[in-house]
Structure formats: structure tokens, C-alpha cells
Amino acid sequence: MTFIADEILRNREQRHDFIRPFVDQGHVALSLKANIPGADKRIFVAYVVVGYYEKLLADIGYAEKFRMEGADGPSIVYILKDIDASQLKAKMVHLEENASYGRLVDLDVHAEHLKSMNRLTPRKCLICGKDAFDCSRNQTHPINEVLAKVNEIALEDSVKLIVNAIDQAMAYELNLDPKFGLVTPFSMGSHTDMDYHTMLAAKQAITPYFAMMFRSGWETHSLSLLFKKAREIGLQAEEAMHQATGGVNCYKGLIFNLGLFCAATGFAFQKKRPMDDLFEIIKNMTSPLIHDFGKNIDTDGLKLYQETGIGGARMEAMRGMPTVQKISTTLNDFKDATLTKALVEAIVLSEDTVLAKRAKNPQTMAMVKAMFKTLDVHDKDQLEKMTSWCIAQSLSFGGAADILVSAIFYRLIDNLWHFLK
Ligand SMILES: [Zn+2]
């Protein structure tokens, strides 16, 4: 125990020794680290917190940035030049008090004339709300209790960010118009049983279940167990969707597709794995699905696979979501033309069972894909004409739309956290 405490102190001194010469030269240093109690400063929550603030501080205008990792946990030191240290300090205190994970982050400003500058209000203890320094010095609370609280705060703040990303991703897709027979705010598309309001009701009903899948990923240590849990939560989500829509299936494919991303994200956090590992995690997690293809299960998707070899959402997941990965690179912004371009790519690249069913034969499906390949996404007139044609042919692209939502979600969360590798 003493040994670990020594290591932490030595690591802290090393960081200060590193910072001092910059401050002596008149620069300002900002150190970012997680505020984790106890001997183990390298719990995964520390990486979630530091990874989030690394993204949040990306445009702070630093001259240099140094990543560090030792017994004191992951940390980043920013060197800033020609900056008002007091203003920076005020900004950092504001983040600590208001931003996500604020209670779990230490944003310390080091500057020549600022050496003795303290916070106006001392930090509050996570458990009792009194002065944190006193509780820490007197060891008022058992360490397990404090760590459980740290985990709870980190999880709840993460869930809020994830739910926000889900909300945005689904809204970007749903609000896009025109959209080739898919439901938009202005059109039921090729559907007779659902409109924009049905979709909104379904969206609201299923969102809490995506959050549950993320929580499962955060808490479950084995991928096979996580997949089992996620499938159970998925069934509950379908039930909730049907209740909200009077039995209309708006988002069954999305519950599967985005649900896997939510579960995988929680799991990636727990295992300190970077966001671009999500595809590999999903591939590993869904490997048991191979048994579905051998079985004579009576779902439309599997029947279609047996007849045509089109694997749909299951196969996409088992391959590690290659179409999501591919079109996510198109999504450098979320403007209409970019979203449409990504959707068109998903239509062309994916094995969409919704399209396959509606196109009725492989020739029509190939022809539709060929038409989409030559579409100019900046030409609103072309998009309107294509949409009218799709509606006249009763075509729709639910599978591709699910892939678009997941790709937007992936881009959003990839923008929120960065992981030290
Ligand atoms: Zn306390």
C-alpha cells in the first residue's frame, strides 16, 4: 500500500517537475487528470473522463500537448502561450462545475503569478457534500463507497451523453427529406402504416432500452453474456415500440443495429478500448449468430438468406458492421447532402432485406442499386424524382436507414471521447 502511494506521489512530482520549466519561461500549463480516490488511479473511469476532456479541450488553443500515464493515472499537460491564466482558470472551474464528469476531473492551471490561486469555493465531497479535502484527509468514508459513487457518477453522465447522441442520430435520419420511400416529416414514403408521428412515438419508446444496453456493456465482463443480455433488452424494446405505435414495426432493425453499438460502447469503455475498436467488438460479440443461419428459424430475414444469400442486418453485424464503418467516413458533417450521400452509399453497399423483400427479385434489386450509383445527391430535383419513383414502386430502404443512424451515432461518440492507446 505504501509502495503504491509512493509511486503515485513520485508520479505527481514528475509531472510538476515537467511543468515547472514551462511556467518559469512565462508560459501557462494546464494539467488534465481524473479525480479518482484510492490507490488504483488507472481504473477505466479515469480514461473515460480524461478521454472526454481531451476532446472537449481540443480547441483550447494550446501550443503543445503531452500525454502521460503512470501510477497517478492518465493525464495530459497542455502548454499555452500568450494566454490570460486567470481567465483560463475561471473557464476550467466553470467546466468542473458544469460539464459532464465535472466532479470527476481535475483541471489545474499553473502559471507564474497563479501559484497560490485557489478555487473560490472548495470542491465538495462526492458522498456527503462537505469539504472534499476534509473528508479525504480524515478518510471519512470507506474507499469502496467512494469508488462506487465515482462509478455511478461516471455511468450516469455517460448515459446522458449516449442518449443525447442516440437522439441526434435518429433525428438526423428521420428529418432528412426527400428520402426514397422512407418516412420523413413531410411524407409517409412507401409506407401505409406509419408516419412521422408514429416514428417519433417509437423513437421515444425505445431510447431507454438503448441506454440499458450501454449500461450492460459498462457492467458486463464477458462478451457472450453481454450479447445475451442485449438480445433480451432488444425484445423488451420491441415490445415497448409495439405498445407505443399500436403494433407498427418502425425500428426493429435499428433496435438490433444501434443496440449493438450501444452495448459495444459501454464494453469498450470498461475495457479501455478506443472507439474504432467498436467494429471488432461487435464482430466478436455477434459470432454466435452464425448458428441462426443454420437453423430453420421462421423470420423473414433468415428465410430470405436461405433463398437468396442476402444476410441483412445479422450478416452486417457478424462481419463487424463494414457498411457502417465505410459510410461513417463520408459523414464529415451532418448536412442534408452529406447525410443523403451516406444513405445512398448504404443503399448501394448493404444487403438490405427490406429492399430485397420489396424489390421481389434479384434483378430489380440490382437495377435499383445501379440507379442509386449514378444519383447526384446535390441535385434536389433528381432526389425528388427518385423518391417519387421509389414510392410508385413501393420500395423502401429500412436496413440502409438503420445503417445510417448507427454511422451517425458512431461519428458523434467518436467526437466525444478519445482514448489513450
Ligand atoms: Zn464526505
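As a starting point, this report considers the structure included with it.

## Section: the overall build of the protein chain
Stage number 1. Looking only at helices and strands, the protein chain features 18 helices and four strands.
Stage number 2. In terms of overall dimensions, the protein chain has a C-alpha envelope of 75 × 45 × 35 Å along the principal axes.
Stage number 3. Looking at the 421 residues of the protein chain, the share that counts as buried comes to 51%.
Stage number 4. For the protein chain, the share of sequence-separated contacts (at least 6 apart) that also reach a separation of at least 24 residues comes to 70%.
Stage number 5. When the accessible surface of the protein chain is totalled, it reaches about 19700 Å², and 51% of it is carbon and sulfur.

## A few points about unusual backbone geometry
Stage number 1. Going from Asp-177 to Pro-178, the amide bond is cis rather than trans, its omega being 0 degrees.
Stage number 2. Assignment of secondary structure puts Pro-178 in the loop between helix H5 (143–175) and helix H6 (196–219).
Stage number 3. Even without glycine at this site, Tyr-101 takes up a positive phi of about 60 degrees.
Stage number 4. By secondary structure assignment, the location of Tyr-101 is in the loop between helix H3 (85–98) and strand S4 (105–110).
Stage number 5. Judged by relative accessible area, Tyr-101 falls into the buried class, the value being 0%.
Stage number 6. In this model, Ser-394 sits at a positive phi of 60 degrees, which is unusual for a non-glycine residue.
Stage number 7. Take Ser-394: it is sitting in the loop between helix H17 (380–392) and helix H18 (398–416).

## Notes on the coordination of the zinc ion
Stage number 1. Around the zinc ion, the protein supplies Cys-125 (SG), Cys-128 (SG), Cys-135 (SG) and His-141 (NE2) as donor atoms, at distances of 2.0 to 2.3 Å.
Stage number 2. Classification of the site at the zinc ion rests on its four donor atoms, whose angles at the metal span 100 to 118 degrees, yielding the label tetrahedral.
Stage number 3. Linear spacing of the donor residues for the zinc ion on their chain is C-x2-C-x6-C-x5-H. The two residues Cys-135 and His-141 agree in class, both being buried.

## Quick look at the packing of helix H14 (residues 336–349) against H18
Each packed pair of helices is defined by two parameters, the angle between the axes and the distance between the axes.
Stage number 1. The N-to-C vectors of H14 and H18 enclose an angle of 130 degrees; their axes lie 9 Å apart at closest approach. Considered as vectors, H14 and H18 are oriented oblique to each other. The handedness of the crossing between H14 and H18 is right-handed. In this structure, H14 contributes Leu-339, Ala-342, Leu-343, Ala-346 and Ile-347 to the contact, and H18 contributes Ala-400, Ala-401, Ile-403, Leu-404 and Ile-408.
Stage number 2. Its residues assigned to classes, the contact of H14 with H18 shows ten nonpolar, no polar and no charged.

## Focus on the side chain of Thr-387
Stage number 1. Mapped onto the elements of the fold, Thr-387 is located in helix H17.
Stage number 2. Within the structure, the side chain of Thr-387 is placed 2.8 Å from the backbone oxygen of Leu-383, a separation counted as a polar contact.
Stage number 3. The contact partners of Thr-387, leaving out residues within four places of it in the chain, are Pro-178, Lys-179, Phe-180 and Gly-181.

## Thoughts on the pairing of strand S3 (residues 73–80)
Stage number 1. Burial analysis of S3 places eight of its eight residues in the buried class, which makes it a mostly covered element.
Stage number 2. Sheet analysis places strand S1 (residues 28–34) next to S3, joined by six bridges and oriented antiparallel. Residue pairing for S3: Leu-32 is matched across the bridge by Ile-76.
Stage number 3. Inspection of the sheet shows strand S2 (residues 64–70) paired to S3 by seven bridges, in the antiparallel sense. Within the sheet, the bridge partner assigned to Arg-67 lies in S3 and is Ile-76.
Stage number 4. The hairpin formed by S2 and S3 contains two residues between the paired strands.

## A word on the packing of helix H16 (residues 362–373) against H17
Stage number 1. Packing of H16 against H17 brings their axes to within 12 Å, and their N-to-C directions diverge by 170 degrees. When the interaxial angle is binned, H16 and H17 end up roughly antiparallel. Counted together, Met-367, Val-368, Met-371 and Phe-372 of H16 and Met-386, Trp-389 and Cys-390 of H17 form the full contact between these two elements.
Stage number 2. Classifying every residue of the contact of H16 with H17 gives seven nonpolar, no polar and no charged.

## With respect to H17
Stage number 1. The terminal C-alpha atoms of H17 lie 18 Å apart, and with 13 residues this matches the ideal 18 Å at 1.5 Å per residue to within 8%.
Stage number 2. Buried within H17 we find Leu-383, Met-386, Thr-387 and Cys-390. Seen from one end, H17 has its buried residues packed into an arc of 100 degrees, which puts them on one side. Of the exposed residues in H17, those oriented more than 90 degrees away from the buried face are Lys-385 and Ala-392.
Stage number 3. Looking at the buried positions of H17, the neighbouring elements they touch are H14 and H16.
Stage number 4. The N-terminus of H17 is capped by Asp-379, whose side-chain oxygen sits 3.0 Å from the backbone nitrogen of Asp-381.

## A few points about the environment of Thr-364
Stage number 1. Relative to the assigned elements, Thr-364 resides in helix H16.
Stage number 2. Note: C-alpha distance between Thr-364 and Leu-339 (25 residues apart in sequence) is 25 Å.

Analysis parameters
Residues numbered from 1 in each chain as written. Predicted model: local features only at pLDDT ≥ 70, side-chain atom pairs only at ≥ 80, totals over all residues. Heavy atoms only, no water. Helix = DSSP H or I, 4+ residues; strand = E, 2+ residues; numbered from the N terminus. Buried < 20%, exposed > 50% of the residue type's maximum accessible area, 1.4 Å probe, protein only. Contact = heavy atoms within 4.5 Å. Areas by Shrake-Rupley, 256 points an atom, 1.4 Å probe, with all protein chains shown as cover. Donors = N, O, S within 2.8 Å, 3.2 Å for Na, K, Ca; no water. Tetrahedral: all angles 85-135°; square planar, octahedral: opposite > 155°, others 65-115°. Axes fitted to C-alpha atoms, helices over the stretch in contact; angles between N-to-C directions. Parallel < 35°, antiparallel > 145°, perpendicular 65-115°, else oblique. Left-handed = near helix turned anticlockwise from the far one by under 90°. Nonpolar A, V, L, I, M, F, W, Y, C, P; charged D, E, K, R; others polar. Polar contact = N/O pair within 3.5 Å; in protein donor to acceptor, adjacent residues only side chain to side chain. Pairing = 2+ DSSP bridges. Expected span 1.5 Å × (residues − 1). Arc of directions from axis to C-beta.

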